[in-house]
Amino acid sequence: MTVYALKRLFLFIPTLIIVSFVIFGVMRVIPGDPALLVLVGDQGEGSYTQEEYDEVKKKLGLDKPLVHQYVNWIGRVLKLEFGSSFFYHNLTVATELKARMPVTAQLAIMAVVISFIIAVPLGVLSAVRQDTLFDYVSKAITISGVAMPTFWVGILIVFFSARFFDYLPPLRYADLWEHPWHNLQQMIFPALALAFNNMAFTARVTRSSMLEVLREDYIRTARSKGLVEMVVVFRHALKNAFLPVITVSAWQFSRLIGGAVIIEVIFQVPGVGRLLIESVLRRDLDFVQSIILVTAGLVLVVNLVTDLCYGWLNPRVRYA
Amino acid sequence: MPNHRWTAKLILLCSAIFLLAAIAACGGSEAPAATEAPAKESMSADAKPETEKMTETKAEEPKKEAAEVYKEATPVAAMATAAPAASGTDVSDVPDWVSRGQYGGILTMNVNRDLRHWDAHQGCCNPEGSWASVIYDSLVEKDPVDTSVTICDLCLNWETSQDGLSITFKMHPNAKWWDGEPVTSGDAKYSINRMMETGKPRPRVGVFRNYIESMDTPDAETLVINFQFPNPAAFMEFMAIGYTAIMPEHVLANSPDPDNFFDEPENLVASGPFKFQSWDRGDNATAIRNEDYWKEGRPFVDEVQAFVMNDVGRIIGAFETEQLMKCFKTVSCGMSLKDFRALIEAMGDNGVWHAPPPVPRSLNINHTREPFTDKRVRQAVYIAIDRKKAIDVVALGEGVPGIPFPPDTFMSSPQEEWATWPGFRYVDGNGELVIDYLGRDDVVKDPADIEMAKQLLADAGFPNGLDTTLEGQPQLNEWMLSLQEDFAVVGIRAELKPIDGATNAGNLASGKYNLALFGHGLSINDPDEMLTCCYMPGGPRNQMLWENERINAIFEIQKKETDQAKRGEMIHEVEGILRDEIGSWFPISWFKAAGMMLNKKVKNYYPPDGTIHQAMGQDHIWIEQQ
């Protein structure tokens, strides 16, 4: 397993190099001049002179050739200096990521945990009571969850809670440990919005996996031995049906770490997703490039940990 | 026992996830004290509106359809005076409304993006402007109640010299910085020099380079500004925009990096009514009442908070639940006109909205690109536009066709004139030309104009029309669709390209566009602003450097002219040139729908008579308490 893990870690390098090339290239290809945006704003309300424009471009390092810009950026990344904002004085990517990553991580963890807690029983019961009313209702819920985009669920939550309950989560983010009640008020709705889709998907996977396992010979054997149904389902069937569920949940977690962009915007959660979209909109190149690179690295790590856990949880899995 | 081992592993995994959650949450960004908006209960039906002011009158009226409410828009802007007032208001007396104010509460606002500079001189746009007037004071300001009048802010009074070549400001003796030091004429001189610094980004305030020759400070209370020519008409109007912050010389000049020192808000030292408290970049900022503010009795609210919000549903919900109390401009609040209509509907009697004076919705034509290098093609585009339809459909009927200068001012031709211009003509069922056609349903665009546009295209070598592109930001989609329809009638097949703001700005600057819409406002309503901004090379709306020598010459003469009527005549000549030449920018319409929304509990706010940039102060606003 150690060799496998080392090999996977080694493969991170080309992956991250490719990601860095792509994101650097994309940010240079898309229209939108950061120097100009510094001067006139994204609504173009300010005015400027050519002299001011040249000065800003030079200050941002955008007057240099692209190769120079890339080498400069990647050199800083290797020293773990991810760069700083074009628009905010003394604001570094590292500072912002340090502040925002835990917020997104909390949201992602809450979403995955909530979805896990609901999805597994729902999926198991649907499989066990296949083609019953419960299964049909469960199917309707999970298919709705898969079909409804997360942002739509978020909008509905905002609409109904504001219109019918005169309530919305506080606008201002508060730290979990300093203001736990305030924090939970703010985070529970976005977590639920994210969890709904995740829950639906996980429940579907759990159900199909359970159905497959419940048709296995050893389940028939367990039943023929006279084991009570609870034991058959939870000790023999669920255990073996669980592996794909964990894989899916881990995948969902890494997806959310990448930034639940729209949900963060809707619910005023100052996480990485919101930071990324703000950075893209204002063409804050160092920010966009570094956030993507760090996120890609995190996703690789989460995937690796998942794979390792997979083998750990299922001794039949062996790594070459 | 494999079963037990597996269970143990699962428990371990779950524990690890929770542990990760805990670690992650531990490192969350610092949260300021949880200061939520007042509870919903306070918005009960028995909340009594005050008996004064226009805003309250509106709040008391029965609920109306959005379109109806729009028709209550405030009057058209008053213009800059022909010359600076000979002397200024003394603000040593406390205004009578101060005694009626109520203290306490939090004024919450939303903006579509975070501010980029706390240093007001570097600010370009509304997010910066909205904070500039909260933190800083300027030399002069617009009277918050009688918004057409310029009054002293940090000054005690002013006087213009007989020859109009200088203006003398006396500084207010009570004015002081947050650190207790007095505000002196030296600070004002330092700040104005800073506004005029070349080679530094000064998007809004660099304009003073056009007017100021030199400055003297004979003593700590006196500032003499010497002009390059007598009585620059627009000077005081520009001075009254929020970005003209007076900053403390003793702090900035001694700082390690005067250019950026105030962009770290912890360093801020100003004289304004609110002091910086916290800033979570990209999310929110808060300023608290300056308990030692030098203006007696002000400010009224305890805190001003601004939240960066981009989801319209969330914004509307936040207004409904009183999490937000004020949105000061549609676009700057991240809303399209359609969204704003939804907000008006949602707020009903709980909201009071205002439409500031008309702003231009304009079209950029890339005159350096084929086929628009041909004046006839540009003329065809200009004439093809159905301006009335755009106003009726997109601007809710509240607007004036896009004449070159703000309507109903000394700068612009009267309706009797412009309603006869090609591209502005409408006829009734009998084919008769109608002058007073706005608001009428029985008129259509003059078929002669459509034929004229087609003929111009044919003369330019496009008898079968031409293909082009029209780009703009998604919130301008309704305008784009309206234009596309108009162009199609004369054979201009415009492919619509919705793009984001950064792309839009970049394309305009680099000339990578054919036809483009771009949202913006004006700093002040004055020919100097219009000409330098839109119709002369170097202006931010004329990035393709379209130029007309006669217009340049007229600018130089008119800016020195103190007689408003003569100035108007000169501008009318410019109008004629612009209609004939069609530069790279022209208004489609002047519309009033750039609205601001206030919760009805927000009192003593009056919409600007000039521009929004002259009405961003918050020290006079109070929130009705239970």
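See the structure printed just above.
Read on for an overview of the structure. No experiment lies behind these values; they were computed from the predicted model shown. Every chain is numbered independently, its residues counted from 1 as its sequence is written. Here the convention is simple: chains get letters from A, ligands get numbers from 1, in the order in which they are written. Reporting of local features is limited, given that this is a predicted model, to residues whose pLDDT is at least 70; pairs of side-chain atoms are given and counted only at 80 or more, and all residues count toward the totals for whole chains, interfaces and linings.

Our focus in this paragraph is the overall build of chain A. Runs of E in the DSSP output that reach at least two residues are strands. Runs of H or I that reach at least four are helices, and both are numbered from the N terminus. The helix and strand tally for chain A stands at 13 helices and 0 strands. Each helix and strand of chain A, ordered N terminal to C terminal, gives the series α-α-α-α-α-α-α-α-α-α-α-α-α. Viewed in the frame of its principal axes, chain A has a C-alpha envelope of about 85 × 55 × 35 Å. What counts as a contact is two residues whose backbone-derived C-beta atoms lie within 7 Å of each other. Taking the intrachain contacts of chain A between residues at least 6 apart in sequence as the baseline, contacts between residues at least 24 apart amount to 72%.

Residue and element names in this part refer to chain B. Note on pairing: two strands pair once DSSP finds at least 2 bridges between them. Pairing is antiparallel in the open sheet, where 4 strands are placed in the order E4-E5-E7-E6. At either end of the open sheet lies a strand with only one pairing partner, and these are strand E4 (155-160) and strand E6 (212-219). This sheet shows a mean twist of 20 degrees between the axes of neighbouring strands, independent of strand direction. Sheet topology places E6 next to strand E7 (residues 222-227); 5 bridges connect them, and they run antiparallel. When the bridges of E7 are listed, Ile212 appears paired with Phe227. In this analysis an axis means a line fitted to C-alpha atoms, helices contributing only their contacting stretch, and an angle means the value between N-to-C directions, from 0 to 180 degrees. The strands that helix H5 (residues 185-195) touches are strand E5 (166-171), E6 and E7; relative to E6, the one it contacts most, it runs at about 165 degrees.

An α-helical turn contains 3.6 residues, so a residue and the one three or four places further along point in the same direction. Residue and element names in this part refer to chain B. With C-beta atoms placed from the backbone, the exposure class of a residue follows from how many other C-beta atoms lie within 10 Å of its own: 20 or more, buried; 12 or fewer, exposed; in between, partly exposed. Among the 9 residues that make up helix H16 (residues 527-535), 9 are buried, leaving the element largely enclosed by the rest of the structure. For H16, the full list of buried residues reads Pro527, Asp528, Glu529, Met530, Leu531, Thr532, Cys533, Cys534 and Tyr535. Structurally, H16 contributes buried residues whose contacts are with helix H17 (549-558), helix H18 (564-581) and strand E21 (585-591).

Let us look at unusual backbone geometry. Residue and element names in this part refer to chain B. Going from Arg298 to Pro299, the amide bond is cis rather than trans, its omega being -5 degrees. Backbone geometry places Asp408, a non-glycine residue, at a positive phi of 60 degrees. Tracing the backbone through its elements, the reader meets Asp408 in the loop between strand E14 (399-401) and helix H12 (415-418). Accessibility expressed as a C-beta count within 10 Å gives 18 for Asp408, which makes it partly exposed.

Residue and element names in this part refer to chain B. Taken in spatial order, the 6 strands make up an open sheet running E14-E21-E13-E20-E18-E19, and their pairing is mixed. Whereas interior strands pair on both sides, the edge strands pair on one side only; in this sheet they are E14 and strand E19 (492-498). Put simply, the sheet's adjacent strands are angled 25 degrees from each other on average, direction ignored. Helix H14 (residues 477-490) contacts strand E13 (359-365), strand E18 (466-472), E19 and strand E20 (515-517) of the sheet and is inclined by roughly 165 degrees relative to E19.

The topology assignment puts Phe262(B) in the loop between helix H7 (249-252) and strand E8 (274-280). Along the backbone, Phe262(B) and Leu252(B) are 10 residues apart, and their C-alpha atoms lie at a distance of 8.1 Å.

Moving on, we come to the pairing of E4(B). Residue and element names in this part refer to chain B. In this structure, E4 lies alongside E5, joined through 5 bridges in antiparallel fashion. Residue pairing in the sheet places Cys155 in a bridge with Met171 of E5. Two successive antiparallel strands, E4 and E5, enclose a turn made up of 5 residues, where Gly164 displays a positive phi of approximately 75 degrees.

Core analysis: the largest hydrophobic core is formed by 237 residues, its most contacted members being Leu107(A) and Ile135(B). The element contributing the most residues to this core is helix H5 (residues 93-128) of chain A, with 17 residues. A set of buried Ala, Val, Leu, Ile, Met, Phe, Trp, Tyr and Cys residues, joined through C-beta atoms within 7 Å, is what we mean by a nonpolar core.

For the rest of this paragraph, the subject is helix H15 (residues 501-510) of chain B. Residue and element names in this part refer to chain B. Most of H15 is tucked away, with 9 of its 10 residues classed as buried. Residues Gly501, Ala502, Thr503, Asn504, Ala505, Gly506, Asn507, Leu508 and Ala509 constitute the buried set of H15. Phi turns positive one or two residues past the end of H15, at Gly511, with a value near 80 degrees.

In the case of a regular strand, side chains alternate between the two sheet surfaces. All names here are of chain B. Judged by how many residues are buried, E21 sits mostly within the fold: 7 of 7 residues are covered. When E13 meets E21, the two strands line up antiparallel, connected through 6 bridges. Directly across from Asn364, in E21, lies its bridge partner Trp585. Examined bridge by bridge, E14 and E21 share 3 bridges and lie antiparallel to one another. The residue bridging Pro401 from the neighbouring strand is Ser589, located in E21.

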